[in-house]
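# Working through the structure, step by step
So you can see what is in the structure, the chains are spelled out below.
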Amino acid sequence: MRKILPIFFSLFLFSFSVMANSISGTIISEETGELITGALIRIEGTKYQAVSGLDGSFTIKDIPAGEYDLVVSMVGFHTSSKKIKLDQQRQSVDFELKTARTSLNEVTVTGSKNGDAAARNREKASSKVLNIVSARTIEISPDLTVANVIQRVSGITVERNNTGDGQYALLRGMDKRYNYTLINGVKIPSPDNKNRFVPLDIFPAEMLERLEVFKSLTPDMEGDGIGGAVNLVMKDAPEKLQVSANIATGVNSLFFDRPFRTFNKDLRESKSPYELLGSKYPAKPRDFNPDYLNPKDASFRPNIYAGVSAGQRFFKNKLGVLIAGTYQNSLRGSNSTDFPYTTATSDASNLPVLTVVNNRNFSEEQVRAGVHARLDYRLSPNHQFQWYNALLNLTAAQVREERKTDFTIGYNPAEGNYNLSYDTRLRHTHQQIINSTLKGIHHFLGNKIVADWSAVYSKASNEIPDNTSIHLVTTARNNIENPRSVVTLGGAERRWEHNTDEDKAGYLNVSYHVNNPKFTPVISAGGMYRDKQRANFFNQYDFRPLDESKPAGQQNNLIEGIDWKKFSDIKFMVFTPFGSVGNPLNYDAAEKITAGYLQGRISTDKFEILAGARLEHTNQSYLLKFPTAGVKNESEQDYTDILPSLHIKLKLTPEKSIKAAYYKAINRPGFFEIVPYRILNEEFVEAGNPELKHTVAHNIDIRYEMFPNRTEQFMIGAFYKKIQNPIEFGMVLQGQGSFYMPNNFGDATNYGAELDFTKYIYSFGFKLNYTYTNSSITTPKLFYYNNPDPQASDKVLLKNVDQTRRLTGQAAHVANFTLLYKNNEQGIDAQLSLAYTGNRLFAVSRYLDNDLWQGGFVQLDLSAEKKLAKRYVLFLKATNLAEHPGEIIHQKNKPGERPCSRI
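Now for a quick tour of the structure. (Residues numbered from 1 in each chain as written. Predicted model: local features only at pLDDT ≥ 70, side-chain atom pairs only at ≥ 80, totals over all residues. Heavy atoms only, no water.)

## Quick notes on the overall build of the chain
- Scanning the chain from terminus to terminus reveals six helices and 52 strands.
- Every one of the 903 residues in the chain was classed for burial, and the buried ones make up 50%.
- Carbon and sulfur atoms provide 56% of the accessible area of the chain, an area that totals close to 41,400 Å². (Helix = DSSP H or I, 4+ residues; strand = E, 2+ residues; numbered from the N terminus. Buried < 20%, exposed > 50% of the residue type's maximum accessible area, 1.4 Å probe, protein only. Areas by Shrake-Rupley, 256 points an atom, 1.4 Å probe, with all protein chains shown as cover.)

## Quick look at the nonpolar core
- Counting residues in hydrophobic clusters, the biggest one holds 31 residues, and the most contacted among them are Ile150, Phe203, Leu211, Leu232, Met234 and Ile433.
- Secondary-structure elements contributing two or more residues to this core are helix 4 (146-150), strand 10 (156-160), strand 11 (166-171), strand 14 (208-214), strand 15 (228-234) and strand 24 (383-406).
- Apart from residues lying up to four places away in sequence, Ile433 is in contact with Ile188, Pro189, Pro191, Val198, Ile202, Phe203, Ala390, Leu391, Leu392, Lys459 and Ala460.
- By size, the runner-up hydrophobic cluster in this structure holds 30 residues, among which are Ala283, Ala397, Phe543 and Val581. (Core = buried A, V, L, I, M, F, W, Y, C linked by side-chain atoms within 4.5 Å. Contact = heavy atoms within 4.5 Å.)

## Quick notes on the sheet that holds strand 9 (residues 130-134)
- Read across the open sheet, the five strands follow the order 9-14-15-12-13; overall the sheet is mixed. The sheet terminates laterally at strand 9 and strand 13 (186-187), the two strands that pair on one side only.
- With two bridges connecting them, strand 12 (residues 179-183) and strand 13 associate as antiparallel partners. Bridge pairing in strand 13 places Ile183 opposite Val186.
- Against the sheet, helix 2 (residues 116-125) engages strand 9 and strand 14, with an angle of about 165° to strand 9. (Pairing = 2+ DSSP bridges. Axes fitted to C-alpha atoms, helices over the stretch in contact; angles between N-to-C directions.)

## Some points on the side chain of Arg177
- Topologically, Arg177 is positioned in the loop between strand 11 and strand 12.
- At 3.5 Å, the side chain of Arg177 forms a polar contact with the backbone oxygen of Arg668.
- Engagement of the side chain of Arg177 in a polar contact is seen with the side chain of Glu673, the distance being 2.5 Å. (Polar contact = N/O pair within 3.5 Å; in protein donor to acceptor, adjacent residues only side chain to side chain.)

## Details of empty space enclosed by the protein
- Tallying each qualifying case throughout the model produces eight cavities of 30 Å³ or more.
- Its boundaries defined by the atoms lining it, the largest cavity holds a volume of some 350 Å³.
- Lining the largest cavity are 25 residues; nearest its centre among them are Val133, Thr137, Arg152, Lys767 and Asn769.
- Those elements giving two or more residues to the lining of the largest cavity turn out to be helix 2, strand 9, helix 3 (135-140), strand 42 (747-761), strand 43 (764-786) and strand 45 (813-823).
- Of the residues contributing to the lining of the largest cavity, the split by class is seven nonpolar, 11 polar and seven charged.
- The calculated volume of the second largest cavity comes to roughly 260 Å³.
- Forming the boundary of the second largest cavity are 22 residues, of which Asn179, Tyr180, Lys187, Arg196 and Phe197 lie nearest the centre.
- For the lining of the second largest cavity, the secondary structure elements donating two or more residues are strand 11, strand 12 and strand 30 (522-545).
- The element that contributes the greatest number of residues to the lining of the second largest cavity is strand 12, accounting for three residues. (1 Å grid on protein atoms, 1.4 Å probe; cavity = no way out; pocket = protein on both sides within 12 Å on 5 of 7 lines; lining within 4 Å. Points joined across faces, edges and corners; volume = space filled by probe spheres on them. Nonpolar A, V, L, I, M, F, W, Y, C, P; charged D, E, K, R; others polar.)

## Structural notes on the environment of Gly490
- Looking at the secondary structure, you find Gly490 in the loop between strand 28 (485-486) and strand 29 (492-513).
- In this structure the C-alpha to C-alpha distance between Gly490 and Asp542, which are 52 residues apart in sequence, comes to 6.7 Å.
- If we ignore the near neighbours within four places in the chain, the residues touching Gly490 are His471, Phe543 and Arg544.

## So, the side chain of Lys128
- Its place among the elements puts Lys128 in the loop between helix 2 and strand 9.
- Here Lys128 is buried and forms no salt bridge, its nearest opposite-charge partner Asp220 lying at an N-O distance of 4.9 Å.
- Beyond its immediate stretch of four places on either side in the chain, Lys128 contacts Phe214, Ser216, Thr218, Met221, His647 and Lys659. (Lys, Arg positive; Asp, Glu negative; His and termini not counted. Salt bridge = Lys/Arg side-chain N within 4 Å of Asp/Glu carboxyl O.)

## Some words on the pairing of strand 45
- The pairing of strand 43 with strand 45 spans nine bridges and is antiparallel. By the bridge assignment, Lys767 is partnered in strand 45 with Thr818.
- A loop of four residues connects strand 45 with strand 46 (residues 828-837), the two strands running antiparallel in sequence, and Gly827 in this loop sits at a positive phi of about 70°.

## Remarks on the sheet that holds strand 5 (residues 66-73)
- An order of 3-2-5-6 is seen for the four strands of this open sheet, with the pairing classed as antiparallel. Of all the strands in the sheet, the pair left with one neighbour each is strand 3 (49-51) and strand 6 (80-86). Direction aside, neighbouring strands of the sheet carry axes that sit 20° apart on average.
- Pairing between strand 5 and strand 6: seven bridges, direction antiparallel.

## Some thoughts on the packing of aromatic side chains
- Counted according to the given criterion, the structure contains 14 aromatic pairs.
- On the numbers, 5.5 Å between centres and 90° between planes, the contact of Phe263 with Tyr292 is edge-to-face. Of the two residues, Phe263 is situated in the loop between strand 17 (260-262) and helix 5 (273-277) and Tyr292 in the loop between helix 5 and strand 18 (296-298); the sequence distance between them amounts to 29 residues. Accessibility assignment for this pair places Phe263 and Tyr292 in one class, buried.
- Ring centres of Trp496 and Tyr541 lie 6.0 Å apart, and the angle between their planes is 90°; on these two criteria the pair is classed as edge-to-face. Placement of Trp496 in strand 29 and of Tyr541 in strand 30 is noted, with a sequence separation of 45 residues between them. In terms of burial, Trp496 and Tyr541 fall into one category: buried.
- By way of ring pairs, the aromatic residues Phe288, Trp496, Tyr541, Phe543 and Phe572 are connected into one cluster.
- Just above the ring of Phe95 sits the side chain of Lys82; from NZ or CZ to the centre is 4.8 Å. (Phe/Tyr/Trp six-rings, centres within 6.5 Å; stacked < 30°, edge-to-face > 60°. Lys NZ or Arg CZ within 6 Å of the ring centre and 35° of its normal.)

## So, the environment of Gly730
- Looking at the element boundaries, Gly730 is found in strand 40 (residues 727-734).
- Among the residues examined, Gly730 registers a relative accessible area of 3% and is labelled buried.
- Counting along the chain gives 52 residues from Gly730 to Leu782, while the straight-line C-alpha distance between them is 9.2 Å.
- For Gly730, the contacting residues outside a window of four places in its chain are Phe739, Tyr740, Met741, Phe745 and Pro780.

## A look at the pairing of strand 20 (residues 319-338)
- By the bridge criterion, 11 bridges tie strand 19 (residues 303-314) to strand 20 in an arrangement that is antiparallel. Bridge pairing in strand 20 places Ala306 opposite Tyr327.
- Here strand 20 pairs with strand 23 (residues 356-380) via 20 bridges, running antiparallel. Looking at strand 23, one finds that Gly333 is bridged to Ser363.

## Some remarks on a nonpolar patch on the surface
- Judged by side-chain polarity, Phe757, Phe764, Leu768, Phe817, Leu819, Leu832, Leu834 and Leu881 come together as a nonpolar surface patch covering roughly 610 Å² of accessible area.
- Mapped by element, the contributors of at least two residues to the nonpolar patch are strand 43, strand 45 and strand 46.
- Relative to the helices and strands, Leu819 is located in strand 45.
- Residue class for Leu819 comes out partly exposed when judged on its relative accessible area of 30%. (Patch = residues over 30% accessible without salt bridge, like charges linked within 9 Å, V, L, I, M, F, W, Y side chains within 5 Å.)

## Description of the environment of Arg210
- With respect to the helices and strands, Arg210 occurs in strand 14.
- A polar contact is formed between the side chain of Arg210 and the side chain of Glu212, at a distance of 2.8 Å.

## Some thoughts on unusual backbone geometry
- Located in the positive-phi region is Phe315, a residue other than glycine, with phi close to 50°.
- Locating Phe315 in the fold gives a position in the loop between strand 19 and strand 20.
- The phi angle at Asn725 is positive, at roughly 55°, despite the residue not being glycine.
- Inspection of the secondary structure puts Asn725 in the loop between strand 39 (713-724) and strand 40.

## Considerations on the pattern of salt bridges
- Applying the stated rule across the entire model yields 43 salt bridges.
- Two residues, Arg378 and Glu239, come together in a salt bridge whose shortest N-O distance is 3.2 Å. Placement of the pair is Arg378 in strand 23 and Glu239 in the loop between strand 15 and strand 16 (242-250), with a sequence separation of 139 residues.
- For the salt bridge of Arg313 with Asp376, the shortest nitrogen-to-oxygen distance reads 2.5 Å. Of the two residues, Arg313 is situated in strand 19 and Asp376 in strand 23; the sequence distance between them amounts to 63 residues.
- By relative accessible area, Arg313 is classed as buried at 6%.
- Taking relative accessible area as the criterion, Asp376 reaches 4% and is therefore assigned buried.
- Linked by salt bridges that have partners in common, Lys187, Glu222, Asp224, Asp501, Asp503, Arg530, Lys532, Arg534, Arg614, Glu616 and Arg668 make up one network.

Laid out in structure tokens, this is it:
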């Protein structure tokens with residue numbers, strides 16, 4: 001028995017050791033360093049195999065001891081094998097696969113240069129504080145536009161339009177005016193009629209090769225990015241023929257509960273009577289198509305998304321061609337309820353009393369279409385030319401229907417007595433961006449001198465023809481509404497607006513690489529010139545109801561059901577037959593920028609320093625098309641800025657570094673802000689400010705970066721901005737009047753901290769980022785107070801007081817979390833994304849303690865892919881699954897207590 005037990009125990013240990021043997025390792029691309037997901041690893045001649053996970057890792061367990069051939073295969077790569085001798089419980093074997101260049105049915109799939117590993121490599125190598133979203137991350141995300149993609153980046157919040165879609169990016173709590181947008185490193189103009197910032201929802205996400213967000217600027221970058229810059233790198237020509245196409249469909253669940261409202265867009269008048277018939281022609285009712293005024297319910301139809309791209313190289317790979325197109329047609333919308341309050345009560349309680357309830361329904365059909373073509377020609381290894389062209393279109397047909405319930409003195413809401421007003425707006429918007437860039441890259445003296453140049457033409461346009469609003473009123477008694485009638489003094493408006501920004505620019509950069517292996521110094525210099533020309537047109541016609549067939553005294557009282565059944569039946573007179581072309585919003589403007597820079601960089605295996613300065617000269621002017629008395633009919637601003645920059649990177653280890661940066665940046669006023677327009681609103685006069693100064697900011701960044709492997713990262717950093725003459729809107733007293741206008745109210749500060757974390761564990765991945773931001777600025781507000789003199793006729797007086805607050809649009813807390821899952825054997829990719837934006841200052845009021853805040857917003861999105869065959873993929877993208885409403889909160893109310901608006 002004593003002999004048997006040792007033998008049995010030895011056999012047990014032997015069996016255990018046999019069962020415990022395993023092989024593990026990582027599969028990467030030799031060419032790009034990308035971790036390869038989905039590679040098949042098998043032991044030749046056995047049943048043992050595994051598939052590499054999201055982190056490129058694999059494990060094969062329970063292998064008997066012995067000698068084996070370990071084989072790795074992956075589509076687009078050459079098969080690789082290694083002989084291994086398994087004589088220990090755990091053995092590690094890594095593979096670097098070479099990209100395959102053999103065509104498969106004339107279509108080659110190669111290793112990605114734009115996956116997560118390539119993005120991490122660019123972040124790691126950059127001297128700037130930089131975040132990159134790779135093409136693969138964009139592809140598998142739930143996002144359809146660049147505006148939605150960018151919200152996943154740390155430190156970025158997205159400003160949404162009235163349908164809830166992301167539109168503008170706010171970097172580190174700085175308003176959208178403080179960053180700029182590039183296409184392939186070249187600034188593009190904005191189609192927006194009031195501002196110079198670019199709406200990111202015009203760009204389909206699938207056209208991107210990668211998205212770069214620069215949070216610090218170097219001297220070779222344009223200097224008007226206090227918040228940073230966004231660079232959209234478009235797809236490039238592949239080495240071999242690649243053809244891809246996708247088509248998708250979906251629905252908006254909002255329209256399960258209510259109909260989608262639309263109108264006949266073809267009936268709109270593309271030009272106003274003034275444009276068609278001249279300035280001396282008095283417009284008549286027959287000049288305006290009444291059938292355009294009728295909104296209607298649309299039948300159900302799904303959303304459509306499609307894209308196609310094709311690329312190849314010719315003439316022994318010297319000429320590369322890529323053509324890509326995308327089309328998106330979607331139905332968007334939102335429902336909102338607005339609850340304004342007042343403390344003017346009839347008793348001594350001084351409690352807020354509900355006075356008005358606004359219910360708004362938005363229905364909008366959005367059509368995005370984009371085409372981009374890229375050609376590059378390799379004249380020789382040292383000389384290359386590129387020609388990029390893009391055409392981007394966005395059309396939006398929106399119906400906004402508003403029902404306002406007004407509880408005023410003499411009307412008791414408890415008894416169902418109140419006033420009602422109905423406003424309907426039909427708006428068709430067409431925005432377009434055209435860009436053509438010719439670029440050359442040249443190497444001289446054995447790559448010691450590198451020069452690149454660009455010649456750029458861009459044009460952005462915005463057209464809103466026949467923007468129509470109709471106003472109705474009625475009353476309710478005992479909750480029964482009386483028939484509606486057209487507002488007598490202002491029943492309708494029809495407005496035409498269009499503007500174009502045309503840019504012609506040239507860039508030149510030259511770098512000299514000094515022959516010093518210890519410090520590898522590089523000296524760079526360059527410059528740019530841009531001539532921007534803007535033309536802005538505005539014209540509005542006001543209408544009043546008039547039916548001359550009715551008896552005198554009743555001709556203006558047009559009642560629904562009696563005088564009209566649909567809007568096209570309403571008889572109007574043109575109250576302003578010549579329109580409003582004398583408005584200062586009819587202007588021409590120009591901006592000419594001349595810039596030059598000098599920078600130097602030295603780099604060792606321990607540190608890297610990049611330092612230099614940029615000089616930018618600005619000449620900005622405008623000319624009103626119709627001279628207006630009492631204002632500046634033309635104006636010119638001319639100024640020069642010197643913008644120093646210093647970036648230091650300490651290389652602690654090959655995977656760890658600390659980046660520190662200082663840069664000075666500016667922000668120029670928009671054309672709309674410096675034109676001396678005045679718009680009379682209900683409670684105030686809005687005005688432009690020709691004396692507005694440009695903003696200057698000093699920026700400091702520090703960030704610790706760690707890249708444990710080629711796709712994972714950990715970053716933590718802080719930033720501080722000292723802002724001189726920030727441009728904010730506030731109340732300004734001029735003479736006997738008070739105007740709501742842009743102004744320079746002094747200095748502001750902005751500071752915060754950021755965290756980025758990405759981790760992959762075989763089939764699962766986790767991405768988390770969080771940003772805290774705070775700021776401070778003081779602006780004047782209007783304050784009503786009781787007259788201390790009881791005998792005075794004016795019982796309430798008004799004065800200006802200063803109030804300190806955050807910068808507009810800033811949220812203190814912003815966080816994103818993404819959970820990824822990949823099952824290569826089943827061909828499944830899935831991603832669940834959560835984006836949180838805390839309470840943010842939505843709009844600055846003219847009155848003390850009356851600012852509007854947007855409540856915290858949570859967006860939950862889901863995307864999934866299922867491979868059906870080698871060339872077919874079924875995918876799903878679902879957004880806003882939590883259906884979290886947006887809340888706009890008065891400053892005097894606590895968040896979540898009594899919202900003044902819910903969307």
